[in-house]
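Remarks on the overall topology
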Amino acid sequence: MAHYCDTVGIDLGTTRSCVAVWDGTQVHVIANESGDNTTPSWVCFPDKKQRRVGKAAERAGTKYASSVIYHSKRLIGNRYGEAVLQDAAKLRWPFKVVDQGDGGAAIQITVAGEPKVVTPEEAGAGVLSYLKKVA
């Protein structure tokens, strides 16, 4: 195995994310457990104790459609009342976009029959923690 230095880069994308390292001369993208260089930026909560990320979340999305989150990065920094956000929420996502309480946008999904509110930052953190494990 090649010797890598301490530089790790993560691209947290809206639809797909990846992690790479710099070996001093070039960048090496690290494949995930599926062997892919990019990971879907999806998070799914099949039950109250479990979180799936990436391809596992994408696959689980067919069975747990009401508990899957994707494209959540589009919500970061947006206010709940913005017309553009409201229009996108109606057309794009199976989850509800709700007010966090401070005017920020959050995501409401259903987990085990109960509503669960997740901030877009929390969803992004799920993807980031997965990529950290990949690295």
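Sequence order as written defines residue numbering, which begins from 1 separately in each chain. Per-residue local features are limited, in this predicted model, to residues with pLDDT of at least 70; the limit for side-chain atom pairs, both in listing and counting, is 80 or more; totals at the level of whole chains, interfaces and linings are taken over all residues. The side-chain quantities take in all heavy atoms of the structure and omit both hydrogens and water.

Re the packing of aromatic side chains
The description of two aromatic rings rests on the distance between their centres and on the angle between their planes. Rule in force here: Centre distance within 6.5 Å is the pairing criterion for rings of Phe, Tyr and Trp, where only the six-membered ring of Trp is used; planes under 30 degrees apart are then read as stacked, over 60 as edge-to-face, and the remainder as tilted. Here, a charge over a ring means that NZ of Lys or CZ of Arg falls within 6 Å of the ring centre while also lying within 35 degrees of the ring normal.
According to the stated counting rule, one finds three aromatic pairs in the structure shown. Members of the aromatic cluster, joined through ring pairs, are Trp42, Tyr70, Trp93 and Phe95. Residue placement shows Lys116 over the ring face of Phe45; its charged tip is 5.2 Å from the ring centre.

Here we look at the pairing of strand β2 (residues 16-22)
Defined as follows: The cut-offs for exposure are 20% and 50% of the maximum accessible area for each residue type, with area from a 1.4 Å probe on protein chains only; residues under the lower value are buried, those over the upper are exposed, and the others partly exposed. Numbering goes from the N terminus for both helices and strands, where a helix is a DSSP run of H or I of at least four residues and a strand is a run of E of at least two. Two strands are said to pair when DSSP picks up at least two bridges between them.
Summarising burial for β2: five of the seven residues are buried, a large majority. Pairing of strand β1 (residues 8-11) with β2, which is carried by four bridges, proceeds in the antiparallel orientation. What sits directly across from Ile10, in β2, is Val19. Counting the residues between successive antiparallel strands, the hairpin from β1 to β2 contains four residues. When β2 meets strand β4 (residues 39-40), the two strands line up antiparallel, connected through two bridges. The residue bridging Arg16 from the neighbouring strand is Pro40, located in β4. Sheet topology places β2 next to strand β3 (residues 27-29); three bridges connect them, and they run antiparallel. Its bridge partner lying in β3, Val21 is registered against His28. Linking β2 to β3, which pair antiparallel, is a turn of four residues; within it Gly24 sits at a positive phi near 105°.

Considering the pattern of salt bridges
What counts is decided by this rule: A pairing counts as a salt bridge when a side-chain nitrogen of Lys or Arg comes within 4 Å of a carboxyl oxygen of Asp or Glu.
A full pass over the atoms with the stated rule returns two salt bridges. Here Asp36 ties to Lys55 by a salt bridge, and the two come within 3.4 Å at their closest N and O atoms. Of the two residues, Asp36 sits in the loop between β3 and β4 while Lys55 sits in helix α1 (residues 55-60), which places them 19 residues apart along the sequence. A residue is classified by how much of its surface remains accessible, and Asp36, at 25% relative accessible area, is partly exposed. A salt bridge links Lys48 to Glu114; the shortest N-O distance between them is 2.9 Å. With Lys48 in the loop between β5 (42-47) and β6 (50-53) and Glu114 in strand β10 (residues 114-118), this residue pair connects regions lying 66 residues apart in the sequence.

Details of the sheet that holds strand β7 (residues 68-70)
In plain terms, the rule: Every angle, taken between N-to-C directions, lies between 0 and 180 degrees, and every axis is a line fitted to C-alpha atoms, over only the stretch in contact when it is a helix. Whether two residues touch is decided by their heavy atoms; if any such pair falls within 4.5 Å, the residues are in contact.
Here three strands make up an open sheet; going across it, the order is β6-β5-β7 and the pairing antiparallel. For this open sheet the edge positions go to β6 and β7, each flanked by a neighbour on one side alone. Geometrically, the sheet is characterised by an average inter-axis angle of 20° between neighbouring strands, direction not taken into account. Taken together, the three bridges between β5 and β7 define a ladder with antiparallel strand orientation. By the bridge assignment, Cys44 is partnered in β7 with Val68. Here helix α3 (residues 120-134) sits on the sheet in contact with β5, β6 and β7, set at roughly 70° to β6.

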